[in-house]
Amino acid sequence: MDRIRDLASQKAAVIFTKSSCCMCHSTKALFYDLGASPAIHELDQDENGREMELALRVLGCNPIVPSVFIGGQFVGSTKDVISLHVDGSLKKMLINAKAIWF
Amino acid sequence: MAGTKVKIGADDNNNRRSASSVMPSFFSQTPVSNPMGTEANATQSSRLSDYGVLEQYMGFRVGDPSGISQSPRFTSAADGRLSGADLHSQAFNMTRPSTSTLFPGSQVIQFHKSLAPMPNIVSASNAQHENWGDSNMADSSSRTDTSTDAEPGDKNFEMGQSAAVVISDSTDKSKERNQDQKTLRRLAQNREAARKSRLRKKAYVQQLENSRMKLTQLEQEVQQARQQGVYITSTADQSHTGSANGVLAFDAEYARWMEEQNRLINELRTAVSSHTNDVELRNIVSNAITHFNDVFRLKGNGAKADVFHILLGMWKTPAERCFMWIGGFRPSELLKLLVNQLEPLSEQQLTGIFNLQQSSHQAEDALSQGMDALQQSLGETLATGSSGSEGSSGNVANYMGQMAMAMGKLGTLEGFIRQADNLRQQTLQQMHRILTTKQSARALLLINDYFSRLRALSSLWLARPQES
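Counting starts from 1 at the beginning of each chain's written sequence and moves along it residue by residue. Written order determines the labels here, with chains lettered from A and ligands numbered from 1. Reporting of local features is limited, given that this is a predicted model, to residues whose pLDDT is at least 70; pairs of side-chain atoms are given and counted only at 80 or more, and all residues count toward the totals for whole chains, interfaces and linings. Excluding hydrogens and water, the side-chain figures rest on all heavy atoms present in the structure.

A. Representation of unusual backbone geometry within the structure. Residues and elements named next belong to chain A. Here Asn 62 and Pro 63 are connected by a cis peptide whose omega angle stands at -5°. With respect to the helices, strands and loops of the structure, Pro 63 is situated in the loop between α3 (49-59) and β3 (67-70). A cis geometry characterises the amide bond from Val 65 onward to Pro 66, with omega recorded as 0°. Helix and strand definitions here come from DSSP, where helices need a minimum of 4 consecutive H or I residues and strands a minimum of 2 consecutive E residues; each element is numbered from the N-terminal end. One can find Pro 66 in the loop between α3 and β3. Backbone geometry places Lys 98, a non-glycine residue, at a positive phi of 65°. Structurally, Lys 98 can be placed in the segment after α5 (89-96).

B. Quick peek at the sheet that holds strand β2 (residues 39-42) of chain A. All names here are of chain A. Spatial strand order, β2-β1-β3-β4: four strands in an open sheet with mixed pairing. With partners counted over all chains shown, the strands left at the sheet margins are β2 and β4 (73-76), one partner each. Direction aside, neighbouring strands of the sheet carry axes that sit 25° apart on average. Pairing between strands is defined by DSSP: at least two bridges between them are needed. Sheet topology note: the strand β1 (residues 13-17)/β2 ladder contains four bridges and is parallel. Along β2, the bridge assignment pairs Thr 17 with Glu 42. Each of β1, β2 and β3 is contacted by helix α2 (residues 22-33), which is oriented at about 165° to β1, the strand it contacts most. In this fold α3 packs onto β1, β3 and β4, with an angle of close to 75° to the strand it touches most, β3. A fitted line through C-alpha atoms serves as each axis, taken over the contacting stretch for helices, and the angle formed by two N-to-C directions is quoted from 0 to 180°. Here, two residues are considered to be in contact whenever any of their heavy atoms come within 4.5 Å of each other.

C. Structural detail: the packing of α2(A) against helix α4 (residues 78-86) of chain A. All names here are of chain A. As a packed pair, α2 and α4 sit with axes 10 Å apart at the nearest point and diverge in direction by 30°. The orientation of α2 with respect to α4, classified from their angle, is roughly parallel. As α2 runs across α4, the sense of the crossing is left-handed. Listed contacts from α4 to Met 23, Thr 27, Leu 30 and Phe 31 of α2 are Thr 78, Val 81 and His 85. Split by residue class, the contact of α2 with α4 holds four nonpolar, three polar and no charged. Angles below 35 degrees are treated as roughly parallel, those above 145 as roughly antiparallel, those between 65 and 115 as roughly perpendicular, and all remaining angles as oblique. Two helices that cross are described as forming a left-handed crossing if the nearer one is turned anticlockwise from the farther one by less than a right angle, and a right-handed crossing if clockwise. Residue polarity follows a fixed list, in which Ala, Val, Leu, Ile, Met, Phe, Trp, Tyr, Cys and Pro are nonpolar, Asp, Glu, Lys and Arg are charged, and the others, Gly among them, are polar.

D. Region of interest: the nonpolar core. Residues grouped as a nonpolar core are buried Ala, Val, Leu, Ile, Met, Phe, Trp, Tyr and Cys residues, joined through side-chain atoms within 4.5 Å. Only protein chains enter the accessibility calculation, which uses a 1.4 Å probe; a residue whose area is less than 20% of its type maximum is buried, one above 50% is exposed, and one in between is partly exposed. Core analysis: the biggest nonpolar cluster contains 76 residues, and A:Phe16, A:Leu56, B:Leu268, B:Ile326, B:Phe416 and B:Met431 have the highest contact counts within it. A per-element tally of this core places helix α12 (residues 278-305) of chain B first, with ten residues. Discounting chain neighbours no more than four positions away, the residues touching A:Phe16 are A:Ile4, A:Leu7, A:Ala8, A:His41, A:Leu43, A:Met52, A:Leu56, A:Val65, A:Pro66, A:Ser67 and A:Phe69. One finds A:Ile15, A:Leu90, A:Ile100 and B:Ala366 within the second-largest nonpolar core, a separate group that totals 16 residues.

E. Inspection of the interface of chain A and chain B at higher detail. The partner chain B presents 20 residues to the 16 residues of chain A that form the contact. Accessible area that two parts lose when put together, with a 1.4 Å probe and added across both, is what the buried area reports. Buried surface at the junction of chain A and chain B, summed over both partners, amounts to about 1600 Å²; 64% is from carbon and sulfur atoms. Three residues stand out in chain A for area buried against chain B, namely A:Cys22, A:Ile82 and A:Val86, and they jointly supply 34% of the buried area on that side. The rule for a salt bridge is simple: a side-chain nitrogen of Lys or Arg has to be within 4 Å of a carboxyl oxygen of Asp or Glu. Where chain A meets chain B, there are zero salt bridges. Here a polar contact is taken to be a pair of N or O atoms separated by no more than 3.5 Å, where protein atoms must pair a possible hydrogen donor with a possible acceptor and residues adjacent in sequence count only if both atoms sit in side chains. For the pair chain A and chain B, the number of links is six residue pairs in polar contact (both at pLDDT 80 or more). If you list the elements that add at least two residues to the side of chain A that touches chain B, you get α2 and α4 of chain A. Ranked by residue count, the leading element in the side of chain A that touches chain B is α2(A), at seven residues. When grouped by side-chain class, the residues that make up the side of chain A that touches chain B number seven nonpolar, five polar and four charged.

F. A look at the layout of surface pockets. Space inside and on the surface of the protein is sampled on a 1 Å grid over the protein atoms alone, with a cavity defined as a set of points where a 1.4 Å probe fits but cannot get out and a pocket as an open set with protein on both sides within 12 Å along at least 5 of 7 lines; lining residues have an atom within 4 Å of a point. Grid points are joined across faces, edges and corners, and a volume is the space filled by probe spheres set on the points. By volume, the second largest pocket is sized at about 380 Å³. Lining of the second largest pocket is provided by 17 residues; of these, A:Cys21, A:Cys22, A:Met23, A:Val65 and B:Thr412 occupy positions nearest its centre. Looking at the lining of the second largest pocket, the elements that each hand over two or more residues are α2 of chain A together with α17 (392-434) of chain B. It is α17(B) that provides the largest number of residues to the lining of the second largest pocket, a total of eight residues. A breakdown of the residues in the lining of the second largest pocket according to their chemical character gives eight nonpolar, six polar and three charged.

G. Up close: a nonpolar patch on the surface. All names here are of chain B. Residues Leu 382, Val 396, Tyr 399, Met 400 and Met 403 make up a contiguous nonpolar surface patch of roughly 500 Å² in combined accessible area. Counting residues per element, the nonpolar patch draws most heavily on α17, at four residues. Position of Tyr 399 relative to the elements: it lies in helix α17. Patch building starts from residues that exceed 30% relative accessible area and form no salt bridge, then joins like charges within 9 Å and nonpolar side chains (Val, Leu, Ile, Met, Phe, Trp, Tyr) within 5 Å. In short, Shrake-Rupley with a 1.4 Å probe defines the accessible areas, and a residue's cover is counted only from the protein chains shown.

H. Representation of the side chain of A:His41 within the structure. Assignment of secondary structure puts A:His41 in strand β2. Contacts of A:His41, omitting those with residues within four sequence positions, involve A:Leu7, A:Val14, A:Ile15, A:Phe16 and A:Thr17.

I. Expanded view of the pairing of β3(A). All names here are of chain A. On β3, burial covers both faces: Ser 67 and Phe 69 on one face and Val 68 and Ile 70 on the other are all buried. Relative to β3, β1 runs antiparallel, the two being bridged by four bridges. Bridging across to β3, Ile 15 finds its partner in Val 68. From the end of β3 to the start of β4, which pair antiparallel, there are two residues, and Gly 71 there has a positive phi angle of about 60°.

J. How the structure looks around the packing of aromatic side chains. Residue and element names in this part refer to chain B. Here a Phe, Tyr or Trp ring, Trp counted by its six-membered ring, pairs with any other such ring whose centre lies within 6.5 Å, and the pair is stacked when the planes are under 30 degrees apart, edge-to-face when over 60, and tilted otherwise. Tallied over the full model, the rule gives nine aromatic pairs over all chains. Ring plane angle 85° and centroid distance 5.3 Å describe the contact between Phe 250 and Trp 315, whose orientation is recorded as edge-to-face. With a gap of 65 residues between them, Phe 250 in helix α11 (residues 241-273) and Trp 315 in the loop between α13 (307-311) and α14 (318-322) connect regions that are remote in the sequence. The exposure classification of Phe 250 matches that of Trp 315, with both residues buried. Counting every residue linked through ring pairs, the aromatic cluster contains Phe 250, Tyr 254, Trp 257, Phe 292 and Trp 315.

The structure is reproduced here in structure tokens:
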């Protein structure tokens, strides 16, 4: 959990993914399209991957990947991100966290 | 002055030239503009003051809403979303920065350009006339009608004819007779063609009616058969009873959902046309919107049972199926269809709908990219062949490994359908938040009409007469 929190606070937008996950690909694509440059951490490429997975599960992230953090705060998985984007909240969060400027 | 209409230009390309050539004659008609007429002969030093008067004058003209609305080309160029009520104020606001027709700045510059070489206004306007296009500028003061092109054209015709009449009188008469005969023949042919067309149309409509009756009969039969648990499927490879039951269950539940949806829509339609009070209308609209949640839930269950049944839209009509996006409609497309028919929308609403369109489009792109990545990844997995020199057990193990991986990837399809449905649901709800109750009601009716027409189109297409 510490490692998650640690990494999540290092950049305005952080996404935990797995290299084989295509839904992660979608989430990344959305962030890039918005002009954000999220930090991507692939759990299957990380030596502590298993523990991080468990930590994310405890946090309530379902499915575990992609797991999105903005401004150090846990946002959720793809469904949450898309819902927030549709009502305009995602952009506001990214602007507040200074991940994007407009 | 306010009542005087002026033809601003034959077409957009001629705007600048026509504008500058309009001005001289326009000014000559009205008392206020006389200062311009006289100052046209003024020296360079007073040209700047010409500007000032012209700007003021054009500024006034531009600000006159009746002038704007009476230009037919303008209304067609304006955003189609705007209703008549909003056209004057909103259209003016929206197009002020962009149109060259009525923008004072650009026209002033053009006017200045025409002034420079020719201090004499009259000769300037004559020179511009050749560039005008069809309209006849010889009699400029009579050119006061914006709506018809016929008048100037007619004058042209008349003037041309008067010259030609004297020369060839006798040959004209026989030519005229031929012309008459040709015209009569042409009219007769037109009538005949129209009659034949009407008969064809009648026959076709008759055919449609017959097909429609046959269709409803068939639908009823299928419905009955389904309820009796008969296994109906269009694909040959649904052999596994588990998924078949799931598919059957989904189809049956979807049919029930459609019936309920139709009932809600009819209730909504009645409420709208009978101008029910706002509170009650809000209830009915809310029910209809919430009912959409049910179909997304159904599809989720269906996708668990058989993801390809949902993804390929086997439960939809062919035309719907053709234009699907990840197992359903494309939210941004739907919004695009609606926005033109939901007028009048406030500025805030327009912004909201535009943002919603953009957001849903971005989400759609993201999900589409994920699907593409999935396809690519699956292809790579299946295409990875073993290099042959290994033992047979190694090959089998490889193959099994590949298949296991491929199976895992296919499993993610369900997730994509779920996210796509979530996007559809969120978009509908956000749209509902942006619109007023009446607008939401109208939107729901429009959506329903669109899909039922698409379904009807499928039926017509399937029942169309085909030449062997």
